[in-house]
Amino acid sequence: MEAVIRLRMSAHDAHYGGGLVDGAKMLMLFGDVATELLIRRDGDEGLFRAYEKVEFLAPVYAGDYIEAVGRIVSEGRTSRKMEFEARKVIVPRPEISESACEVLSEPIVVCRAVGTCVTPMEKQRGVHA
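Everything quoted here is computed from the prediction, not taken from an experiment.

Rules of the game
- Residues numbered from 1 in each chain as written.
- Predicted model: local features only at pLDDT ≥ 70, side-chain atom pairs only at ≥ 80, totals over all residues.
- Heavy atoms only, no water.
- Helix = DSSP H or I, 4+ residues; strand = E, 2+ residues; numbered from the N terminus.
- Buried < 20%, exposed > 50% of the residue type's maximum accessible area, 1.4 Å probe, protein only.
- Contact = heavy atoms within 4.5 Å.
- Areas by Shrake-Rupley, 256 points an atom, 1.4 Å probe, with all protein chains shown as cover.
- Lys, Arg positive; Asp, Glu negative; His and termini not counted.
- Charge placed at Lys NZ, Arg CZ, Asp CG, Glu CD.
- Pairing = 2+ DSSP bridges.
- Axes fitted to C-alpha atoms, helices over the stretch in contact; angles between N-to-C directions.
- Core = buried A, V, L, I, M, F, W, Y, C linked by side-chain atoms within 4.5 Å.
- Polar contact = N/O pair within 3.5 Å; in protein donor to acceptor, adjacent residues only side chain to side chain.

Draft legend 1. Representation of the overall build of the protein chain within the structure. A count of helical and extended segments in the protein chain gives one helix and seven strands. Seen through its C-alpha atoms, the protein chain measures out along the principal axes to roughly 55 × 25 × 25 Å. When each of the 129 residues of the protein chain is scored for burial, the buried share is 34%. A separation of at least 24 residues holds for 72% of the contacts in the protein chain among residues at least 6 apart in sequence. Of the roughly 7300 Å² of accessible surface on the protein chain, a fraction of 50% belongs to carbon and sulfur atoms. When the 17 basic and 20 acidic side-chain charges of the protein chain are each reduced to a single mean position, those positions are 5 Å apart.

Draft legend 2. Highlighting the pairing of strand 7 (residues 101–118). Two strands pair when backbone bridges link them, and strand 4 (residues 47–56) and strand 7 are joined in this way by eight bridges, in the antiparallel orientation. The residue of strand 7 that forms the bridge with Ala50 is Thr116. Two elements, strand 6 (residues 79–92) and strand 7, share 13 bridges in a ladder whose sense is antiparallel. When the sheet's bridge partners are listed, Ser79 is paired in strand 7 with Val118.

Draft legend 3. Main features of the sheet that holds strand 5 (residues 65–75). Taken in spatial order, the five strands make up an open sheet running 1-5-6-7-4, and their pairing is antiparallel. Of all the strands in the sheet, the pair left with one neighbour each is strand 1 (2–8) and strand 4. On average, adjacent strands in this sheet sit at an angle of 25° to one another, irrespective of strand direction.

Draft legend 4. Main features of the nonpolar core. Among the nonpolar cores identified, the biggest contains 21 residues, and Met26, Ile66 and Met82 are the most heavily contacted of them. Counting only elements with at least two residues in this core, the list comes to helix 1 (24–42), strand 5, strand 6 and strand 7. For this core, the element with the most residues is helix 1, which contributes seven residues.

Draft legend 5. Up close: the environment of Met121. On the secondary structure map, Met121 appears in the segment after strand 7. Under the relative-accessibility criterion, Met121 is labelled partly exposed at 38%. If we skip the residues at most four places from it in the chain, Met121 touches Arg77 and Thr78.

Draft legend 6. Summary view of the environment of Glu85. Here Glu85 is to be found in strand 6. You can call Glu85 buried: its relative accessible area is 17%. Sequence-distant contacts of Glu85, defined by excluding residues within four places in its chain, comprise Phe30, Glu67, Ala68, Val69, Val109, Cys111 and Arg112.

Draft legend 7. Fine view of the side chain of Arg41. If you trace the backbone, Arg41 turns up in helix 1. At 2.9 Å, the side chain of Arg41 forms a polar contact with the side chain of Asp42.

Structure follows, in structure tokens:
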């Protein structure tokens, strides 16, 4: 089972000089992906328990389009271990014009993570979509 979110980083997302986006924004996207996975699996939003690994691999800037992907890789009674990857798929091209953008032929992996979520037994509805 996999879930995907794609969105454009806005000027509002830029936290540092040069339009650099805070890495925490990628973790927020992973949280949204995890929520969708839990809803599809258990019929409930569940709770994010912990990250065991987070790697920031490339910078993200305002104007970049980011695709966040997650999948459940193992399950316990209430736990769901997930792997996440965020990829830059479109970038602005201000040197061409203020509104020019380019679809990257090869996405750039900007962040990877592994985390565990839980859905309490009493909230599981066994959706297994």
